[in-house]
Amino acid sequence: MPKYIQESDFTMVEEGFVARDLMEEIINDVSQTDDRDAFFVADLGDVVRKHLRFLKALPRVKPFYAMKCNSSRGVVQILAELGAGFDCASKAEIELVQGIGVKPENIIYANPCKQISQIKFAAKNGVQMMTFDNEVELSKVSRNHPNAKMVLRIATDDSKSSARLSVKFGAPLKSCRHLLEMAKNLNVDVIGVSFHVGSGCMDPKAYVQSISDARMVFEMATEFGYKMWLLDIGGGFPGTDDSRVRFEEMAAVINPALDLYFPEGSAVEIIAEPGRYYVASAFSLAVNIIAKKEVRLDGSGSDGRVHVQYCLNIKAFSKHLLQIPLVSNLWKQAEHLSLTVLLVLLVLHVGF
């Protein structure tokens, strides 16, 4: 396995040391000065535990971390060391993961609408797996990336998700046959189907319907001589245990659907694109209240009540770095990690 983490880049913290301890330590230090910028702390041990939990709950699914969620270098390095793939949506994200040594086959360019220049960049850097959901994208790819391995993104019912992505992305089933026919005529290789039930999904059954729809598209593809081998079930997994639906509950619904429509032995590889699942519980933000305003409410029914507004300094971050060494063979030893691995990622003057 390639080595993505250099031991010299990190410093080990004491056993039992948690993110809250670190935050309080930093707050105590800066409270004695005028430098009180906001900062956030990442518990990378939490990311490791989330990865092991994912593999246990969805043993047939390889996670491709959604970079758009949080592209902090420490998170990327940890997940690369653990063997995860990466879902990139831009040239910058591809550059970041390849910059730490991730191989092109462990990257999916999961943006159905890409600039021609970025398609060319992917081609030049060996990134072949890409998504599409429209005719124009097929035309661009056929002209600019002849070795691309395309994944047809289909629309889903994401009505019970906090962020409904199918409003923007995903081809309806009635359009899929035409898109596959066009791809064939353009000599574009289509290797599979992807979907996304929306960020913050609250209905596990949405995965079942989407997996069923994907099976239909696999069957359509055979009409045009395609032998698809990839299913991408997207993201939507909860990142904290106080979510209305726990991750294991979703997995308990997803696994039987995969076994039904894409049973083991069907020669279909299954991946997912978890984002907030990995980092939502790992990051903690410390901010300062820099102003307070009292606004008297006008209008009928307000009864002269006063509305209090607090202003926070979350648009600028202090620059600090806590370095932590990790064992180079992290994958083999991850189940035995008892140390909480922390990284303070404080970026100066980065807008939120």
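No experiment lies behind these values; they were computed from the predicted model shown.

Rules used throughout
Residues numbered from 1 in each chain as written. Predicted model: local features only at pLDDT ≥ 70, side-chain atom pairs only at ≥ 80, totals over all residues. Heavy atoms only, no water. Phe/Tyr/Trp six-rings, centres within 6.5 Å; stacked < 30°, edge-to-face > 60°. Helix = DSSP H or I, 4+ residues; strand = E, 2+ residues; numbered from the N terminus. Buried < 20%, exposed > 50% of the residue type's maximum accessible area, 1.4 Å probe, protein only. Lys NZ or Arg CZ within 6 Å of the ring centre and 35° of its normal. Axes fitted to C-alpha atoms, helices over the stretch in contact; angles between N-to-C directions. Parallel < 35°, antiparallel > 145°, perpendicular 65-115°, else oblique. Left-handed = near helix turned anticlockwise from the far one by under 90°. Contact = heavy atoms within 4.5 Å. Nonpolar A, V, L, I, M, F, W, Y, C, P; charged D, E, K, R; others polar.

Counting across every chain of the model gives 9 aromatic pairs. With a centroid separation of 5.7 Å and 90° between ring planes, the pair formed by Phe 237 and Phe 247 is classed as edge-to-face. With Phe 237 in the loop between strand S10 (230-232) and helix H9 (247-261) and Phe 247 in helix H9, this residue pair connects regions lying 10 residues apart in the sequence. Per residue, the accessibility class of Phe 237 equals that of Phe 247, and both read buried. Here the aromatic residues Phe 54, Tyr 65, Tyr 207, Phe 237, Phe 247, Tyr 277 and Tyr 278 are joined through ring pairs into a cluster of three or more. The ring of Tyr 109 is capped by Lys 114, whose NZ or CZ atom sits 5.5 Å from the centre of that ring. Its end group placed over the ring of Tyr 226, Lys 184 keeps NZ or CZ at 5.1 Å from the ring centre.

Direction vectors running N to C along helix H8 (residues 205-222) and H9 enclose 20°, while the axes themselves pass 9 Å from each other. It follows that H8 is roughly parallel to H9 by the angle criterion. Once H8 is placed against H9, the crossing between them reads as right-handed. Residue-level inspection shows Lys 205, Tyr 207, Val 208, Ile 211, Ser 212 and Arg 215 of H8 in contact with H9, the latter providing Met 250, Val 253, Ile 254, Ala 257, Leu 258 and Tyr 261. Across the contact of H8 with H9, the residue classes tally to 9 nonpolar, 1 polar and 2 charged.

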